[in-house]
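# Topology and contacts: notes
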Amino acid sequence: REGREPLKVLEKEALALEVYQQRYKQLQTEITDEQVKLAKLVQEENALTAQAQNLRKEIAQEQLAELRSREEQALLQTMRYNTVAEGELLLKRRHALEARLKELLGTTAAAPR
């Protein structure tokens, strides 16, 4: 085939068919490798997303537990104040009753028979 101009593809000399087939196989292998890498990355992302969702749930549960704990603490604090105040009132009442008892005993002892 002398005297013919070489075949051109995209303004470049065409290569042998085997070269193009080899390059095609190489590109197919690279594409497959990249698809495998991409699939692994998608799996990792899904796992991380699930882990993040679980952590968000745990945080929400902890925040709710903390809120309930604070509410219970406030309730117990109020109950403590009420108990202390009630104890003081009972103590005053006891002193008053003891004083009245002494008064009555003193009146009874001082009264003639």
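Above: the structure in question.
Residues numbered from 1 in each chain as written. Predicted model: local features only at pLDDT ≥ 70, side-chain atom pairs only at ≥ 80, totals over all residues. Heavy atoms only, no water.

### Concerning the overall build of the protein
- Looking only at helices and strands, one finds 1 helix and 2 strands in the protein.
- If you list the helices and strands of the protein from N to C, you get β-β-α.
- Its C-alpha atoms give the protein a radius of gyration of 47 Å, clearly above 13 Å, the size a compact globule of 113 residues would have.
- Projected onto its principal axes, the C-alpha positions of the protein cover 160 × 20 × 10 Å.
- Relative to its full complement of 113 residues, the protein shows a buried share of 0%.
- Charge separation in the protein, taken as the distance between the mean sites of 19 positive and 19 negative side-chain charges, equals 11 Å. (Helix = DSSP H or I, 4+ residues; strand = E, 2+ residues; numbered from the N terminus. Rg over C-alpha atoms; globule rule 2.2 N^0.38 Å. Buried < 20%, exposed > 50% of the residue type's maximum accessible area, 1.4 Å probe, protein only. Lys, Arg positive; Asp, Glu negative; His and termini not counted. Charge placed at Lys NZ, Arg CZ, Asp CG, Glu CD.)

### What about a nonpolar patch on the surface?
- Taken together, Leu-7, Val-9, Leu-10, Leu-15, Leu-17, Val-19 and Tyr-20 make up a surface patch of nonpolar side chains, about 740 Å² in accessible area.
- Among the elements that take part in the nonpolar patch, helix H1 (residues 17–110) stands out by supplying 3 residues, more than any other.
- Among the structural elements, Leu-7 can be located in the segment before strand S1 (8–9).
- Taking the relative accessible area as the measure of exposure, Leu-7 reaches 63% and is therefore exposed. (Patch = residues over 30% accessible without salt bridge, like charges linked within 9 Å, V, L, I, M, F, W, Y side chains within 5 Å. Areas by Shrake-Rupley, 256 points an atom, 1.4 Å probe, with all protein chains shown as cover. Salt bridge = Lys/Arg side-chain N within 4 Å of Asp/Glu carboxyl O.)

### What about the pattern of salt bridges?
- Here the structure, examined in full by the defined rule, presents 4 salt bridges.
- Between Glu-103 and Arg-100 there is a salt bridge; the shortest N-O distance is 2.6 Å. Placement of both Glu-103 and Arg-100 in helix H1 is noted, with a separation of 3 residues, approximately one turn of the helix.
- On the basis of relative accessible area, Glu-103 is assigned to the partly exposed category, the value being 47%.

### Some remarks on the environment of Tyr-20
- Along the polypeptide, Tyr-20 turns up in helix H1.
- Using a relative accessible area of 39% as the deciding quantity, one classes Tyr-20 as partly exposed.
- Once residues lying within four places of it in the same chain are set aside, the contact partners of Tyr-20 are Glu-13, Ala-14 and Leu-15. (Contact = heavy atoms within 4.5 Å.)

### Some thoughts on the environment of Leu-27
- Mapped onto the elements, Leu-27 comes out in helix H1.
- For Leu-27, a relative accessible area of 34% puts it in the partly exposed group.
- Spatially, the C-alpha atom of Leu-27 lies 19 Å from that of Leu-10, the residues being 17 residues apart in sequence.

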